[in-house]
Protein chains: 2
Amino acid sequence: MNCEILCVGTELLLGSTVNTNAAELSDLLAGLGVNVFWHTVVGDNPGRLAEAVAIARKRADLIVTTGGLGPTYDDLTKNVLAHAFGREMEYHPEEADFLKRWFAKNTAVPFTENNLQQAYLPERCTVFHNDWGTAPGCAFEQDGVRVIMLPGPPNECIPMFRHCAVPYIKSLSGDVILSHQIRVFGKGESAVEDQLRARMEHMENPSLATYAKVGEMLLRVTAKAHTEAEAEKMCAPVVEMVQRELGSAVYGVDVDSLEALCLTLLKEKGLTFATAESLTGGLIGERFTALPGASAVYRGGAVTYCNDVKAAMLGVEPAILEEKGAVSYETAAAMARGARVAAGADLALSATGLAGPDGDGVHPVGTVFVGLADAERVWVRQLKLGTRRARVRQLAANHAFDMLRRYLQGLPIEQI
Amino acid sequence: MNCEILCVGTELLLGSTVNTNAAELSDLLAGLGVNVFWHTVVGDNPGRLAEAVAIARKRADLIVTTGGLGPTYDDLTKNVLAHAFGREMEYHPEEADFLKRWFAKNTAVPFTENNLQQAYLPERCTVFHNDWGTAPGCAFEQDGVRVIMLPGPPNECIPMFRHCAVPYIKSLSGDVILSHQIRVFGKGESAVEDQLRARMEHMENPSLATYAKVGEMLLRVTAKAHTEAEAEKMCAPVVEMVQRELGSAVYGVDVDSLEALCLTLLKEKGLTFATAESLTGGLIGERFTALPGASAVYRGGAVTYCNDVKAAMLGVEPAILEEKGAVSYETAAAMARGARVAAGADLALSATGLAGPDGDGVHPVGTVFVGLADAERVWVRQLKLGTRRARVRQLAANHAFDMLRRYLQGLPIEQI
């Protein structure tokens with residue numbers, strides 16, 4: 001089944017609202033074996049909406065709309081779709097009663113007649129009652145095209161899709177799409193493409209695709225079959241092939257990020273860690289603590305943006321800073337050791353370097369030293385991460401987490 | 001000028017990537033007086049992309065594409081667009097040289113030939129050199145339709161639009177479109193709209209529009225005139241009116257963010273600051289040090305994710321932590337005082353609270369205390385920031401920077 005998601009709302013075209021519905025619905029539809037081939041966004045404009053529907057029904061056999069089901073004059077989706085597919089609007093008294101009850105219960109404002117507009121739906125449709133708001137959604141089939149209409153607010157759109165649209169679609173489609181994400185750090189997208197192209201080009205089902213992320217990349221293996229077990233069986237050898245080809249550059253399958261993997265591994269091993277950040281200014285701690293449950297293994301650390309704070313908070317000897325400089329193997333090592341002790345952790349990560357735009361007259365911008373310390377040893381990676389401040393900082397954090405996951409996975413730590 | 005944003009990338013249709021480019025570009029185009037009437041997303045599929053281009057060129061006179069400019073075999077945008085508009089591809093040796101230099105400088109991986117694909121662009125186009133990545137963008141006009149092609153990664157797409165596409169678009173219209181951004185913190189969008197609606201409704205040129213951002217909002221004043229001076233004259237009274245109406249909730253005009261304003265003000269006054277972060281885990285330091293030149297005023301601080309680190313690194317008395325708890329007015333105050341001393345700074349910011357999903361059994365999730373200390377005094381804001389972890393953390397950081405900018409602007413600090 002080929003699907004177009006048609007989102008209606010001027011707020012999306014003004015950029016004041018990011019279209020998260022399209023992404024989340026696409027993800028959910030993929031899991032149902034539906035091919036989403038198009039996203040279209042139009043404003044609350046009947047003419048342009050009608051044109052968009054005319055285009056969509058020609059190329060898609062499932063049209064999922066979001067938005068424009070509400071009570072105000074610019075909520076046009078139902079009427080435009082009904083007219084496009086030659087259907088009258090039908091009044092649903094049970095929805096009208098629900099709306100009146102909802103208003104009495106949830107608002108101080110009096111019930112106004114325009115709210116009854118929400119009780120009208122295209123005739124002969126499957127009604128999706130809205131347990132998360134007021135405007136009902138619906139689904140119908142006409143001339144071989146399926147139409148599903150959902151409300152715009154994500155906290156209504158997504159639950160209604162899960163609870164009403166998913167059962168509706170499952171009753172239509174036989175196939176299951178299943179995919180696995182293989183996460184890679186330390187190899188560029190084009191290098192991986194070169195390595196795997198011969199194999200990738202001829203793959204249809206299962207398919208293998210590469211995606212560049214900031215400072216890392218992922219490969220997605222996707223299989224379509226009649227059952228989940230079958231699709232699983234088709235994916236497995238491809239996942240194994242990629243892991244064999246790319247070796248320890250593959251840091252995980254179906255994990256969210258380097259830091260998420262570190263959190264899992266630290267919990268498994270019952271280890272804690274701390275951070276000592278110079279050029280990253282808190283980014284390593286921030287990225288890790290963005291993960292729910294981080295407090296189980298992360299104790300904290302120091303952001304030492306100037307030398308005397310490195311000495312004061314981490315006990316980095318002024319001699320090291322004077323002789324070797326703040327951007328040095330020795331300082332990165334001392335910062336990691338110091339953070340471990342100061343925060344009373346099993347392990348510590350450190351990062352010092354030049355994010356730019358200004359250099360220190362000694363090293364080029366992008367020179368970074370990333371350190372990892374445990375009770376016995378310290379490891380340091382020396383890196384050249386380019387000249388773009390934001391990228392240098394993100395990559396430095398990636399390298400810190402990569403050293404940590406390699407430590408926890410029992411792999412060589414210093415080299416990439 | 002009527003515009004369609006055409007985003008190319010299977011990752012968008014699989015839902016693995018949210019289409020933030022479309023929203024941000026729409027926002028920026030609105031500021032240029034361009035009407036964005038359509039967003040379209042297609043995958044890395046030449047046939048469907050060609051069809052989408054055929055539709056777009058019929059209804060829009062500006063087509064802005066994102067994605068598909070990279071080195072891999074599924075990067076098809078340039079070739080499909082060039083073919084659609086009857087143009088050959090042209091090799092740009094200077095871009096090829098740049099690519100080779102970039103690889104030598106920024107990556108450990110060897111330069112592979114497929115990267116040279118990025119040096120080919122449709123003939124007779126305006127080249128947008130990519131200072132933020134590798135793949136260049138471009139712009140051309142054919143049969144009354146303007147085409148602008150941008151890379152997919154937001155950290156390349158958006159800067160290239162600002163620095164290359166904006167001047168290109170400005171050069172197309174005889175009129176000057178000038179806009180000012182008024183940044184507001186501590187007032188919701190609907191409250192601001194209620195306050196300004198009567199005035200906003202009748203404004204055409206200059207126009208006044210509101211945009212909700214994460215934890216803050218901005219108003220854009222836009223004027224269209226024959227000269228920049230004229231447009232300036234039209235905007236000025238509107239900017240003044242908004243500042244008068246919203247008072248100290250307006251933190252700046254044409255400033256990038258709360259932290260960018262803080263950096264400017266700290267430099268002006270020759271003051272330094274430090275941070276003590278619990279629930280934000282480094283976010284305050286990270287956001288500030290993302291700004292070039294941060295080292296002039298930011299000394300560093302501590303990330304104290306557990307209690308004994310609060311005591312060890314910031315000298316927070318265990319008595320306070322036992323009696324009042326880590327999430328308390330007193331702890332926030334002690335953290336700020338401690339960070340000021342430990343980092344030897346003039347001022348310090350602190351944040352402690354519950355980002356969720358787990359509570360502490362005492363306070364509800366979203367309870368946050370944000371502190372600011374100078375040599376004499378300490379101020380603390382108690383906040384209820386909802387239940388969404390990422391949002392709670394961002395808002396806590398916003399409040400910290402808001403307290404700092406209010407201190408530096410000589411405004412009341414604790415209340416919002």
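Residues numbered from 1 in each chain as written. Chains lettered and ligands numbered in written order. Predicted model: local features only at pLDDT ≥ 70, side-chain atom pairs only at ≥ 80, totals over all residues. Heavy atoms only, no water.

What follows is about the sheet that holds strand S10 (residues 207–213) of chain A. Residues and elements named next belong to chain A. Spatial strand order, S10-S11-S9-S12: four strands in an open sheet with antiparallel pairing. The open sheet terminates on both sides in strands that have one partner only, identified here as S10 and strand S12 (250–253). Pairs of neighbouring strands in the sheet enclose a mean axial angle of 25°, with direction left out of account. Sheet topology note: the strand S9 (residues 176–184)/S12 ladder contains three bridges and is antiparallel. Counted as the bridge partner of Ile-182 is Val-253 from S12. Packing of helix H7 (residues 189–201) onto the sheet brings it into contact with S10 and strand S11 (216–225), and relative to S10 it is tilted by some 175°. (Pairing = 2+ DSSP bridges. Helix = DSSP H or I, 4+ residues; strand = E, 2+ residues; numbered from the N terminus. Axes fitted to C-alpha atoms, helices over the stretch in contact; angles between N-to-C directions. Contact = heavy atoms within 4.5 Å.)

All right, on to empty space enclosed by the protein then. In the structure shown here, the tally under the stated rule is one cavity of 30 Å³ or more. Within this model, the largest cavity holds a volume of roughly 120 Å³. Lining the largest cavity are 14 residues; nearest its centre among them are Asn19(A), Ala22(A), Val41(A), Asn19(B) and Ala22(B). Elements with a minimum of two residues in the lining of the largest cavity: helix H2 (20–30) and strand S2 (35–42) of chain A together with helix H2 (20–31) and strand S2 (35–42) of chain B. Residue composition of the lining of the largest cavity, by class: eight nonpolar, six polar and no charged. (1 Å grid on protein atoms, 1.4 Å probe; cavity = no way out; pocket = protein on both sides within 12 Å on 5 of 7 lines; lining within 4 Å. Points joined across faces, edges and corners; volume = space filled by probe spheres on them. Nonpolar A, V, L, I, M, F, W, Y, C, P; charged D, E, K, R; others polar.)

Moving on: the confidence of the model for chain A. When pLDDT is averaged across chain A, the result is 92; 99% of the residues are at 70 or more. Across the interface, the model reports ipTM at 0.78; the global pTM reads 0.79. (pLDDT = per-residue confidence, 0-100.)

For the rest of this paragraph, the subject is unusual backbone geometry. Residues and elements named next belong to chain A. Between Gly-356 and Pro-357 the backbone carries a cis peptide bond, its omega angle lying at 5°. Turning to its location among the elements, Pro-357 is positioned in the loop between strand S15 (347–353) and strand S16 (367–373). A positive phi is found at Asp-254, a non-glycine position, where the angle reads about 60°. Given a relative accessible area of 43%, Asp-254 falls into the partly exposed group. (Buried < 20%, exposed > 50% of the residue type's maximum accessible area, 1.4 Å probe, protein only.)

Taken together, the contacts link 74 residues of chain A with 71 residues of chain B. For the pair chain A and chain B, the two sides together bury roughly 6000 Å², of which 56% comes from carbon and sulfur. Looking only at chain A, the three residues that lose the most surface to chain B are Arg299(A), Tyr305(A) and Arg388(A), adding up to 10% of its buried area. Seen at the junction of chain A and chain B, the total is four salt bridges. Across the pair Arg393(A) and Glu286(B) runs a salt bridge, and its minimum N-O distance is 3.2 Å. Linking chain A to chain B there are 23 residue pairs in polar contact (both at pLDDT 80 or more). Both S2(A) and S2(B) contribute to a ladder of five bridges, which runs antiparallel. Across the sheet, Val42(A) pairs through a bridge with Trp38(B), a residue of S2(B). (Buried area = accessible area lost by both parts, 1.4 Å probe. Salt bridge = Lys/Arg side-chain N within 4 Å of Asp/Glu carboxyl O. Polar contact = N/O pair within 3.5 Å; in protein donor to acceptor, adjacent residues only side chain to side chain.)

In this section: the pairing of strand S8 (residues 145–150) of chain B. All names here are of chain B. With respect to burial, S8 is a largely interior element, five of its six residues being buried. Where strand S3 (residues 62–66) and S8 come together, five bridges link them in parallel fashion. Considered in S8, the bridge of Thr-66 is made with Leu-150. Strand direction decides the pairing type here: strand S7 (residues 137–142) and S8, joined by five bridges, are antiparallel.

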